[in-house]
Each structure stands twice: as structure tokens, then as C-alpha cells.
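One-letter residues, chain by chain:
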Amino acid sequence: METRNLICINCPLGCPLTVTLENGEVVKVEGNTCKRGEIYAKKEVTAPTRTVTSTVRAIGGERPVVAVRTKTDVPKSKIFAVMEAINAAEIETPVRIGDVVIENVCGTGVDVVASASLQRAR
Amino acid sequence: MKREIVIIGGGPAGLAAALAAKEAGAKDVLILERDVRLGGILNQCIHNGFGLHTFKEELTGPEYAARFEEKVMETDAEVWLSTMVLSLSKDRVITAVSREKGLVTIEAGAVILAMGCRERSRGALNIPGFRPAGIYSAGTAQRLVNMEGQMPGHEVVILGSGDIGLIMARRMTLEGAKVKVVAELQPYSGGLKRNIVQCLDDYGIPLKLSHTVTEIRGKDRVTGVVISEVDDRLQPIPGTEEYYSCDTLLLSVGLIPENELSTGAGVELSRATNGPTVNERLMTSVPGVFACGNVLHVHDLVDYVSEEAAAAGRAAAEYIANGQPERSGGAEIPIAVGGGVRYTVPSAVDPAHMPELLTVRFRVGNIYKNVYTSVYFDGERVLHRKKQVMAPGEMEQVVLKRADLLGKNVGKITVTTEED
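Here the structure is a predicted model, which is why all the values come from computation and not from measurement. (Residues numbered from 1 in each chain as written. Chains lettered and ligands numbered in written order. Predicted model: local features only at pLDDT ≥ 70, side-chain atom pairs only at ≥ 80, totals over all residues.)

Details of the overall build of chain A
Regarding its fold elements, chain A presents two helices and 10 strands. Along the first, second and third principal axes, the C-alpha set of chain A runs to 60 × 30 × 15 Å. By residue count, 32% of the 122 residues in chain A fall in the buried class. (Helix = DSSP H or I, 4+ residues; strand = E, 2+ residues; numbered from the N terminus. Buried ≥ 20, exposed ≤ 12 C-beta atoms within 10 Å, placed from the backbone.)

A few points about the overall build of chain B
Each helix and strand counted, chain B has eight helices and 27 strands in total. For 420 residues, the compact-globule estimate of 2.2 N^0.38 gives 22 Å, and the C-alpha radius of gyration of chain B, at 22 Å, lies within 12% of that figure. Dimensions of chain B, computed from C-alpha atoms along their principal axes, come out at roughly 65 × 60 × 40 Å. Put simply, chain B has 420 residues, and 48% of those count as buried. (Rg over C-alpha atoms; globule rule 2.2 N^0.38 Å.)

Some details on the domain arrangement of chain A
Taken as a whole, chain A is organised into domain 1 (2–46) and domain 2 (53–114). For domain 1 of chain A and domain 2 of chain A, the distance between their C-alpha centres works out to 31 Å. (Domains from an automatic or database assignment.)

What to know about the sheet that holds strand S15 (residues 224–229) of chain B
Residue and element names in this part refer to chain B. Read from one edge to the other, the open sheet built from three strands follows the order S14-S15-S16, with strand pairing classed as antiparallel. Looking at strand neighbours, the two that pair on one side only are strand S14 (211–217) and strand S16 (242–245), the edges of this open sheet. The mean inter-strand angle of the sheet, taken between neighbouring strand axes irrespective of direction, is 30°. Bridging between S14 and S15 involves six bridges; their strand directions are antiparallel. Across the sheet, Thr212 pairs through a bridge with Ser228, a residue of S15. (Pairing = 2+ DSSP bridges. Axes fitted to C-alpha atoms, helices over the stretch in contact; angles between N-to-C directions.)

A word on the interface of chain B and chain A
Each partner contributes to the interface: chain B provides 22 residues, whereas chain A provides 21 residues. Sorting the residues of the side of chain B that touches chain A by element identifies helix H2 (61–74), helix H3 (138–148), helix H5 (193–200) and strand S25 (380–390) of chain B as the ones contributing at least two each. The element best represented in the side of chain B that touches chain A is H5(B), accounting for four residues. Split by residue class, the side of chain B that touches chain A holds eight nonpolar, eight polar and six charged. (Contact = placed C-beta atoms within 7 Å. Nonpolar A, V, L, I, M, F, W, Y, C, P; charged D, E, K, R; others polar.)

Here we look at the nonpolar core
Residue and element names in this part refer to chain B. Within the largest apolar cluster, 107 residues are counted, with the highest numbers of intra-cluster contacts made by Ile7, Ala17, Ile112 and Phe290. Element by element, the count of residues in this core is highest for helix H7 (residues 302–322), at 11 residues. Discounting chain neighbours no more than four positions away, the residues touching Phe290 are Ala110, Ile112, Leu113, Leu282, Met283, Thr284, Ala312, Ala315 and Ala316. Grouped together as the second largest cluster of nonpolar side chains are 34 residues, Ile164, Val179, Leu200 and Val253 included. (Core = buried A, V, L, I, M, F, W, Y, C linked by C-beta atoms within 7 Å.)

Let's talk about the domain arrangement of chain B
Residue and element names in this part refer to chain B. According to the domain assignment, chain B contains domain 1 (1–118 + 255–322), domain 2 (121–253) and domain 3 (331–420). Each of domain 1 and domain 2 has a C-alpha centre, and the two are 31 Å apart. Taken together, the contact between domain 1 and domain 2 spans five residues of the former and seven residues of the latter.

What to know about H5(B)
Of all eight residues making up H5(B), six are buried, and the element is well covered by its neighbours. Residues Lys193(B), Asn195(B), Ile196(B), Gln198(B), Cys199(B) and Leu200(B) constitute the buried set of H5(B). On its buried side, H5(B) packs onto strand S1 (2–7) and strand S4 (49–50) of chain A together with helix H4 (163–174), strand S12 (178–184) and strand S13 (207–209) of chain B.

Comments concerning the packing of helix H1 (residues 12–23) of chain B against H7(B)
Residue and element names in this part refer to chain B. Across the interface, H1 lies against H7 with an axial gap of 7 Å and an inter-helix angle of 40°. What the angle tells us is that H1 and H7 run oblique. For the element pair H1 and H7, the recorded crossing hand is right-handed. Two secondary-structure elements touch here, H1 through Pro12, Ala13, Ala16, Ala17, Ala18, Leu19, Ala20 and Ala21 and H7 through Val302, Val305, Ser306, Ala309, Ala310, Ala312, Gly313, Arg314, Ala316 and Ala317. Of the residues in the contact of H1 with H7, the class split is 15 nonpolar, two polar and one charged. (Parallel < 35°, antiparallel > 145°, perpendicular 65-115°, else oblique. Left-handed = near helix turned anticlockwise from the far one by under 90°.)

Overview of the sheet that holds strand S26 (residues 396–401) of chain B
Residues and elements named next belong to chain B. Here we have three strands laid out as an open sheet, ordered S21-S23-S26, and antiparallel in their pairing. Among the strands making up the open sheet, the edge pair consists of strand S21 (341–345) and S26. Taking the axes of each pair of neighbouring strands and ignoring which way they run, one obtains an average angle of 30° across the sheet. The pairing of S21 with strand S23 (residues 357–364) spans four bridges and is antiparallel. The partner of Val341 across the bridge, within S23, is Val364.

Overview of the pairing of strand S1 (residues 2–8) of chain B
All names here are of chain B. Inspection of the sheet shows S1 paired to strand S8 (residues 102–113) by six bridges, in the parallel sense. Bridge assignment links Ile8 to a residue of S8, and that residue is Leu113. Bridge analysis of S1 against strand S2 (residues 29–32) gives four bridges, and the strand direction is parallel. The partner of Ile5 across the bridge, within S2, is Val29. In terms of handedness, the path from S1 via H1 over to S2 forms a crossover that is right-handed. (Right-handed = clockwise from strand over helix to strand, strands pointing away.)

Some points on unusual backbone geometry
For the peptide bond that leads from Thr93(A) to Pro94(A), omega is 0°, which places it in the cis range. Within the element layout of this structure, Pro94(A) appears in the loop between strand S8 (90–92) and strand S9 (100–102). With an omega dihedral of 5°, the bond running from Val345(B) to Pro346(B) counts as a cis peptide bond. Relative to the helices and strands, Pro346(B) resides in the loop between S21 and strand S22 (348–349). In this structure, Ser210(B) is a non-glycine residue whose phi angle is positive, near 55°. Relative to the assigned elements, Ser210(B) resides in the loop between S13 and S14. Phi at Asn370(B) takes a positive value of approximately 50°, unusual for a residue other than glycine. Secondary-structure assignment places Asn370(B) in strand S24 (residues 368–377).

Focus: the packing of H4(B) against H5(B)
Residues and elements named next belong to chain B. Packing of H4 against H5 leaves a shortest axis separation of 8 Å and a crossing angle of 20°. In terms of their interaxial angle, H4 and H5 are classed as roughly parallel. Crossing geometry of H4 relative to H5 is assigned as left-handed. Contacts between H4 and H5 pair Asp163, Leu166, Ile167, Ala169 and Arg170 from the former with Asn195, Ile196, Cys199 and Leu200 from the latter. Counted by class, the contact of H4 with H5 contains six nonpolar, one polar and two charged residues.

Written as C-alpha cells, this is what we have:
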């Protein structure tokens, strides 16, 4: 038996959650006041994910960098690996929202895409 | 030059106001934006979490802005970029300047104020010490990192736990900086819960509530700060000083509506919000001048900015079409606040001119658990809703129905919190 303490992020209430695990399986969620808390707790202890947002160098752009994001969530444990890949990447301008910057970043199956547009420097 | 509706500011509020004004049938809409692009502060807010209410998906700031920008561009609303408004008069004459057009005078039929807000700066805080390099507002640091590609420093302390400070704690960490601590003067954070978990807890960054910076060390560049605990009157407690070495101090200590133009036009400001007082049509004390977004009162979610701005856009379009509605004496019902409610926007309602459903937004001044939000029409309680928690950092709202107020001779509306 293992227990983990979390704070629910679904609403401003911020319920303190206690999750009980047995052999990596969630057997009990306590402290939540609604169903969303239970769903959040289960995902957070078994497979937490986050969207990573950052910038990449933009070649010839009117600004030196352009905003990027992972198209969807990636495993939380891969955040810093994804950041390393993003910091090594660069993109030719002009850039449009949705342009793929890195395919399948760090083997997550998720692309890093531009989340802002950027014109070429005049 | 004469124009019908002129919107000052092309950020989220200005864009939503322009779109709604066009959709309401306005013929001539002009947006004046001082930056080289539309979108305002959203351009530097590259994190996700925008648009959950509006688009049912989690967008980044630039993506959210682009959705509105595209829609505005599909209309024939006109946009002047790199155009700085210098003044606005009480008869709605705008003086603006741009490299392309020079000095321009515009007589506007209606004006929508959508200038946003600015950050409170070190000067507002009274922290003793020299004035070394390395002290930034969180928003300035955000601009440097996300738009200029520059890192303001490597070892960081953040004062204030507003959302921008929390977001920057994560952003600086991802870019390789060491964020040592976030100190918050109040016993609670002013930021959203999800930001505390995803920006601080995820990266093991400590949040010290009831703490503040009492000394900044370093002469040319910040070398460290002293953080002290504060008592319940927010005064530093001697003997609790702790030293943190750092080269950068970020300040995330509040936002103030940007109302220099408004005051120049004689617009009456609220002492609670620092923004204009407005009626049910979001019109200020100056006829034909409307306000929305962070220039009206500081919001935490952009979705609500868009919603509010759309209402201002519709009201301005109606003003152009029908002129100033006749107001019979005493028709405007003031909205009073009680309990923990600090203010409401709007602060007065004329039932004859309000929409069918009017959203009244408000904030509370402290953390309240298991209290009721109540609305009274004179002595009669018309709304009573339990809320598990209310916090100063989270804007609340109630909806008033026109049918409930029209012809009822209500003298006063009260929005309050109650124990039972």
C-alpha cells in the first residue's frame, strides 16, 4: 500500500486528495468533493501529462524567437527532454500557427508545432 | 476625420469589441493599436490554458488572439497599427500619432476603451536598497524570454504569487534558471490553483505565504534578497529574516488598469477597481465612451475579457444607431456591495436599457469558505447560491434578468456574501 497526496486543480476549491495505490493500481481516492477530482487523481498518479510551451530560434524573422507548443500533452517525465529538443531546434521564417517544428518529439508521438506566426524581417 | 466607433487598443478586449460591434451592424469600426501587431499582451503569454470557456480547448495566448484576429479581419473593420493615442477629450475627440499618418485628430461617434492594464512596479513597494540591475516586473521578464529570446538572469527570486509570476517561475526553470523561492505577502496566493500546482509544485519551487522581500542586496547587479515573514497586519517580523542569493528579482505584485486617457477625458474612476465606473451598457460617466477588459477591471481569464468586450461592442453599435437613450430621472438602480464583495461591474443598472440577461462581475476581498452569494432587490432576497470557496484571485459573477427588474420600482440592488 502506497499513498500519494495531491491538490486537485479542476477548480478554485483545490481539494487535498489522498490517493491509495496497490501494485501501481489506484484503489482509493479520498478528499475529493466531486467526480472530476477522482479522474484527475487517477491520471495524475498513473500517467501525469503536461503541455510544454516554449520558443525556438527563428531564422530571418522580425523577432529572434517564435512560440511553440507540444500539440497535445506529453508525459510529465519527458518535459526536460522535450525542452532540450526544442532548444536545439530552429525554424525558417515566415512561420504560421500550426507549422510542425519537431515531429514526434522524444518518441512521444506528439509534434512540436508553432503557436504563433512570425514574418520575415524586412 | 469623423469615424463611428473607435476602439483604443487591439488586444483581446479591443478585438472582441470590434467583432461584436460589426456583428451588431456597426458600419464603421476602427481599432487603434500602438504595437506592430494585434493581440496585445497575449502575444507574450505563450503558455496554454486560454480559451477553455470560449473554444472548449486549451490554447496558448497567441493562438487565442489569432482566432479573434482572423474573425476581425474577415469583417471590414479597419486597423491602424503602430498608432499611439495621445489624448481623448470628453466630446470624444481622439488625438493619435503614427509614423505613417503623422498626427491625426479623429472625431468619434463612440469610443471603446480597451487599453488593458500595467504592472505595479518596485516604486509602489517601498523596498529599501540600491537600484541595481536585475529587478524586473514578471511581465517584462516574460516579454524578454518569450519575444526577445533573452534570459534576464540565472538565479531567481519572485515576489508575489500572481499568475504571471507563477507562469514565469516555470518558464525560467524550463530555460535553465534556478528559481529559489516565490514569496507572497498575503496568507493566500493571488494566482490560480492550477498554476500553483503546474508551475511551482511540478518543479519543486517553494511558495512562502505571509513572506515579503525586506531588503535587496547588490549595487550594480542584484546579489541577493532578504525575505521576512509578516504578521497578520502584513508587517515584517524581526528575527525571521532569511537570505537568498540571486541575480534576479521578479515582481508579480498586482496589475493596475491603464486609465491615463480615460482620466484625460474626465471619465469617473472607481476607487475599488481603479477602472471607470460603468452602467449596464458598460458606458462610462462620459456619454458615448465605453470600457471593457483589463482597463475596466483586472480579469484573471481572457475568456471573460472577450465576453465583456463583446457586450461593450454591441452597446457602442447601439449607441451609434439610436443615440443616447432617454433616461427618466432615477431610472438607474445603484448596485451596492456587502459582506466580502469588494466591487461589482457594472455598478448601476437601468432596467429599461439592460440586456435580457446581464452579467454582473465581482471580486471578494478575502478567502471565504462555504458562504452564500446573495442578491437583494431592496429588502427581498432574489438569489442565494452556496459556493464552497471564493478567493480574491478568482472573479465571480451573478446574472440579473431584465424581466425581474423592469417596472418593479427597485431602489437598490445589493450583491453580498452571507453565512447562511
